[in-house]
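These are the residues of each chain, in order.
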Amino acid sequence: MDKIFAQIQNVVDRFDELNELLADPDVISDSNKYTEYAKELGAITPTVEVYRQYEHITAQIVEDKGLLADKEMADLAKTELAALEPQQTVLSEKLKILMIPKDPNDDKNIIMEIRGAVGGDEANLFAGDLLSMYAHYAQSQNWHFEIVDDTPGEAGGFKEVVVNISGENVYSKLKFESGAHRVQRVPVTETQGRVHTSTATVGVMPEFEDVDTEGLIDPKDVREDVYRSSGAGGQHINKTSSAVRLVHLPTGIKVEMQEQRSQQQNRAKAWQILRSRVYDHFAQENRDEYDEQRRSKIGSGDRSERIRTYNFPQNRVTDHRINFTLNKLDRVINGDLEEIIDALIIADQAKRLEAMI
């Protein structure tokens, strides 16, 4: 804890420095600099406020302990200590959590890709169920949920579907969903009532704007093709070259977009997905740094990693990374993910805190 308190003092010093900077006429006249400092101040203010509460209560505790030897004040001091010491413990735990380094992507929106994997038609149907699950969860969080590209399965569901989810703290809550999701149930096509096991993969990537990926993608490295859409949308969409294909030549990553009516809209959506896929590619490729980061996290985010099993006959869902089981799969598959997500966040915080101490 001494190590953490030393770090907190650095935060407090920076808090005081930022307040001085924001009162500096030169900074006030520079809107970009002022916004940058104000944002940084806003991010560390909760930590400083909790620390000052902690300091105040700690000072009271020291004072009350000094009164225990005073016969006239001892009873009052004991009463106050009984109330203050639990508050000190709570504030201490809050400070530990607040001092965990924040993932810089936590505030970002996401691109989510869901694919049917092992299991043929049943895997595609399960991919559709996962899409519905995340859509309902997004609705409960007041997030915006938009399908930007999809390839339907022949028997229903999706071979692949790409969605954009935007709102408050989207990545921070859904970043642990990347991986292989396994379902155990009797498929609708099964005539003898046998339970089958199938999988679908989920990829969660933070969404990036041009400024975020500046230097990561050189526009000269991206080939663009335009062609006539083959999808639904009436005569207009098929008479014009509105579909867009982007290929990032250094990595071979390809994005095709034909869901929108205009070429401009499809180009914007394609770039949106390409930026996230290229960033994700390099994050995975930079294995040494990536492995160092993931040692203190829940899982690697690799789509080949089996993270969760949905067992329908027993109404059970199990997250294998933290050995967490809920016997309420019916509610989870309808979007009630809060308990699982909270458990993953708490487990991640515990691992990262352990690495700090």
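Here is a short report on the structure shown in this document. Just so we're clear, the structure is a prediction, and the values are computed from it rather than from any experiment.

The rules behind the values
- Residues numbered from 1 in each chain as written.
- Predicted model: local features only at pLDDT ≥ 70, side-chain atom pairs only at ≥ 80, totals over all residues.
- Heavy atoms only, no water.
- Core = buried A, V, L, I, M, F, W, Y, C linked by side-chain atoms within 4.5 Å.
- Buried < 20%, exposed > 50% of the residue type's maximum accessible area, 1.4 Å probe, protein only.
- Helix = DSSP H or I, 4+ residues; strand = E, 2+ residues; numbered from the N terminus.
- Contact = heavy atoms within 4.5 Å.
- Pairing = 2+ DSSP bridges.
- Salt bridge = Lys/Arg side-chain N within 4 Å of Asp/Glu carboxyl O.
- Axes fitted to C-alpha atoms, helices over the stretch in contact; angles between N-to-C directions.
- Phe/Tyr/Trp six-rings, centres within 6.5 Å; stacked < 30°, edge-to-face > 60°.
- Lys NZ or Arg CZ within 6 Å of the ring centre and 35° of its normal.
- Expected span 1.5 Å × (residues − 1).
- Bend = angle between axes of the 7 residues up to and from the residue.

**Focus: the nonpolar core**
Here's step 1: Among the nonpolar cores identified, the biggest contains 34 residues, and M112, I114, L130, Y134, I165, L174 and Y310 are the most heavily contacted of them.
Here's step 2: The set of elements that each furnish at least two residues to this core consists of β1 (110–116), α5 (121–140), β3 (158–166), α6 (170–174), β5 (196–206), α10 (329–332) and α11 (338–356).
Here's step 3: The leading source of residues in this core is α5, at eight residues.
Here's step 4: Every residue in contact with L130, bar those within four places of it in the chain, is listed here: I114, H181, A200, V202 and Y310.

**Here's the deal with the pairing of strand β8 (residues 253–257)**
Consecutive side chains along a regular strand alternate between the two faces of the sheet.
Here's step 1: Residues I253, V255 and M257 of β8 are buried on one face, while the alternating residues K254 and E256, pointing to the opposite face, are not.
Here's step 2: With five bridges connecting them, strand β7 (residues 243–248) and β8 associate as antiparallel partners. Counterpart to H248 in the pairing with β8 is I253.
Here's step 3: Here β7 hands over to β8 after four residues, with G252 in that stretch at a positive phi of 80°.

**Section: the pattern of salt bridges**
Here's step 1: Inspection of the entire model under this criterion finds 26 salt bridges.
Here's step 2: For the salt bridge of E93 with K96, the shortest nitrogen-to-oxygen distance reads 3.1 Å. Separated by three residues within a single helix, E93 and K96 lie in helix α4 (residues 74–98), roughly one turn from each other.
Here's step 3: Given a relative accessible area of 17%, K96 falls into the buried group.
Here's step 4: A salt bridge links R185 to D129, with the nearest nitrogen and oxygen atoms 2.8 Å apart.

**Regarding the sheet that holds β7**
Here's step 1: Pairing in this open sheet of three strands is antiparallel, and the strands run β6-β7-β8 from one edge to the other. Whereas interior strands pair on both sides, the edge strands pair on one side only; in this sheet they are β6 (222–227) and β8. Pairs of neighbouring strands in the sheet enclose a mean axial angle of 15°, with direction left out of account.

**Some thoughts on the packing of aromatic side chains**
Here's step 1: According to the stated counting rule, one finds two aromatic pairs in the structure shown.
Here's step 2: Plain terms: the ring middles of F126 and Y310 are 5.4 Å apart, the flat faces sit at 70° to each other, and that makes the pair edge-to-face. Of the two residues, F126 is situated in helix α5 and Y310 in strand β9 (residues 306–311); the sequence distance between them amounts to 184 residues.
Here's step 3: A cation over a ring is seen here: R185 above F312, with NZ or CZ 5.0 Å from the ring centre.

**Describing helix α3 (residues 31–67)**
Here's step 1: The end-to-end C-alpha separation of α3 is 52 Å, in line with the 54 Å expected for 37 residues at 1.5 Å each.
Here's step 2: The largest bend in α3 comes to about 40°, at I44, with the proline P46 one to four residues further on.
Here's step 3: Along α3, the residues classified as buried are Y37, L41, I44, T45, T47, V48, V50, Y51, Y54, I57, I61 and D64.

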